[in-house]
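# Tertiary structure, described
So the chains spell out like this:
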Amino acid sequence: METYNVILGVDVSKLTLDISCAERRLHIKIENRSKGFFEFKRWCKTNGINLCETMIIMEHTGGYEYRFIQFCETIPIAYCRIPGLEIKKSIGMTRGKNDIIDSFRIGQYGEEKIKRLTPDKPLDHNILIIKQLLSFRKRLVRENAGMTATLKERKYAFEVGNNDTVIKIAREKIKSNERHIFKIEYEIMGLIKANSLLLQNYRILVSIKGIGPINAWMTLAYTENFTSFINGRKYAVYVGVIPFDNSSGTSIKGKKRISYLAHKELKQELNQAAKVAIAYDPEIKSYAERKLKTKNYKVVLNNVKFKLILRMFSLVKRGEMYVENYKKAS
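Presented here is a report on the structure given in the accompanying data block.

Parameters at a glance
- Residues numbered from 1 in each chain as written.
- Predicted model: local features only at pLDDT ≥ 70, side-chain atom pairs only at ≥ 80, totals over all residues.
- Heavy atoms only, no water.
- Pairing = 2+ DSSP bridges.
- Helix = DSSP H or I, 4+ residues; strand = E, 2+ residues; numbered from the N terminus.
- Axes fitted to C-alpha atoms, helices over the stretch in contact; angles between N-to-C directions.
- Contact = heavy atoms within 4.5 Å.
- Salt bridge = Lys/Arg side-chain N within 4 Å of Asp/Glu carboxyl O.
- Buried < 20%, exposed > 50% of the residue type's maximum accessible area, 1.4 Å probe, protein only.
- Parallel < 35°, antiparallel > 145°, perpendicular 65-115°, else oblique.
- Left-handed = near helix turned anticlockwise from the far one by under 90°.
- Core = buried A, V, L, I, M, F, W, Y, C linked by side-chain atoms within 4.5 Å.
- Polar contact = N/O pair within 3.5 Å; in protein donor to acceptor, adjacent residues only side chain to side chain.
- Nonpolar A, V, L, I, M, F, W, Y, C, P; charged D, E, K, R; others polar.

On the basis of which strands lie adjacent, the open sheet formed by five strands has the order 3-2-1-4-5 and mixed pairing. Each edge of the open sheet carries a strand with a single partner, namely strand 3 (26-31) and strand 5 (78-82). Strand-to-strand twist in this sheet, taken as the mean axis angle between neighbours without regard to direction, amounts to 25°. Set on the sheet, helix 1 (residues 34-46) makes contact with strand 1 (6-12), strand 2 (16-21), strand 3 and strand 4 (54-59); between it and strand 3 the angle comes to about 160°. Across the sheet, helix 4 (residues 99-113) is in contact with strand 1, strand 2, strand 3, strand 4 and strand 5; its angle to strand 1 comes to roughly 140°.

And the structure:
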């Protein structure tokens, strides 16, 4: 296991980075661009910080950290991104906050947890672009859903015809968004086809009944082509389909429940996949019919999501397509 002599905490914002070394009480505020990164290197040299022996800890911000990550990879500097909620819950009771304090707290978290932290893998730019395209596609789909609802409500409430200005604009907007959605999907498939490993795993995923292109794209993107999670169970926890105990001593004996800490979008897409699998996959259909005799429908649906996740990871690990060979016992 590699050891790091210096742990730096970085509080990331759109325009600036606050970088602190909690152990040595050092701090610098730089611009979140090339000029600031050069200033950071000079600051490290002045304070005797060897970047090759340094671990940088930062929060996931959804994009503002990518410039700094690219800089870290060119040096290279080891870095680790941590969910902000994990850091917040780990530091105990606190009062007040600002960017400088936050950077020190992130650095302190890194110093306390360094034994179990591992550096992030270098960014896969194809995966990054697929995530961005999927995110924008989702926005267009939601916009179309809103426009469609507007059309129905306006026709019902005001009894207007197709020549109404609002109706015309809404329909044009829907058609325009549909063209953009098609263009985005075409580009996603182009990125997958250009990478043999992505293409192989994509073909495996869509061979599973219930898993369509959207679920396959999202699974490839958020598992980083099945490299970010060591097994299906870990991914199922991330998605939010694994129930956890809710008991304490003799007084609290709650039922097992899934956690609200989940990736809601992935879970939502898997919801539809599970319904399709129950309808068209003989094995899962038989399982669901058997369980529905004693369990609630939502519990069974959640179990089917878990089964689909395990099936995806198992097939990708073996490099095999899904083959339907289920035979119901007589």
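Time to look at unusual backbone geometry. Trans is the common state for peptide bonds, and a negative phi is the common state for residues other than glycine. Here isoleucine 75 and proline 76 are connected by a cis peptide whose omega angle stands at 0°. Following the sequence through the fold, proline 76 ends up in the loop between helix 2 (66-74) and strand 5. A positive phi angle, close to 50°, is found at glutamate 159, a residue other than glycine. With respect to the helices and strands, glutamate 159 occurs in the loop between helix 5 (125-158) and helix 6 (165-193). A positive phi angle, close to 65°, is found at phenylalanine 226, a residue other than glycine. With respect to the secondary-structure elements, phenylalanine 226 resides in the loop between helix 8 (213-222) and helix 9 (232-239).

Attention now moves to the pattern of salt bridges. The final tally for this structure, using the stated rule, is 18 salt bridges. A salt bridge links arginine 137 to glutamate 185; its shortest N-O distance comes to 2.9 Å. A residue pair is termed long-range when its members are at least 10 positions apart, and arginine 137 in helix 5 and glutamate 185 in helix 6 qualify at 48 residues. Judged by relative accessible area, arginine 137 falls into the buried class, the value being 14%. The class of glutamate 185 is partly exposed, set by a relative accessible area of 21%.

In this section: the packing of helix 6 against helix 8. Running from N to C, helix 6 and helix 8 point in directions that differ by 55°, and their axes come no closer than 12 Å. Compared by their axis directions, helix 6 and helix 8 come out oblique. Along this stretch, helix 6 crosses helix 8, giving a crossing that reads as left-handed. Contact residues: helix 6 offers Glu185, Ile188, Met189 and Ile192, while helix 8 offers Ile214, Trp217 and Leu220.

Considering the arrangement of structural elements, one finds asparagine 201 in helix 7 (residues 196-206). When neighbours within four sequence positions are excluded, asparagine 201 is seen to be in contact with Leu220, Asn225, Phe226 and Val316.

In terms of nonpolar packing, the biggest core is built from 52 residues, with Ile192, Ile211, Val304, Leu308 and Ile309 touching the most fellow members. At the level of secondary structure, the elements contributing two or more residues to this core comprise helix 5, helix 6, helix 7, helix 8, helix 9, helix 10 (264-280), helix 11 (282-291) and helix 12 (297-318). Among residues more than four places away in sequence, those in contact with isoleucine 211 are Leu205, Val206, Ala216, Leu270, Ala273, Leu308 and Met312. Judged by nonpolar contacts, the second largest core, of 27 residues, contains Ile56, Phe68, Ile77 and Leu123.

Along helix 7, the residues that are buried comprise Leu198, Leu199, Asn201, Tyr202, Ile204 and Leu205. With a side-chain oxygen lying 3.0 Å from the backbone nitrogen of leucine 197, the N-terminal cap of helix 7 falls on asparagine 195.

Across the interface, helix 10 lies against helix 12 with an axial gap of 9 Å and an inter-helix angle of 95°. By the angle between their axes, helix 10 is roughly perpendicular relative to helix 12. Between helix 10 and helix 12, the residues in contact are Lys267, Leu270, Asn271, Ala273, Ala274, Lys275, Ala277 and Ile278 and Tyr297, Leu301, Asn302, Val304, Lys305, Leu308, Ile309 and Met312, respectively. Of the residues that constitute the contact of helix 10 with helix 12, the class distribution is 11 nonpolar, two polar and three charged.

These figures capture arrangement, not role.
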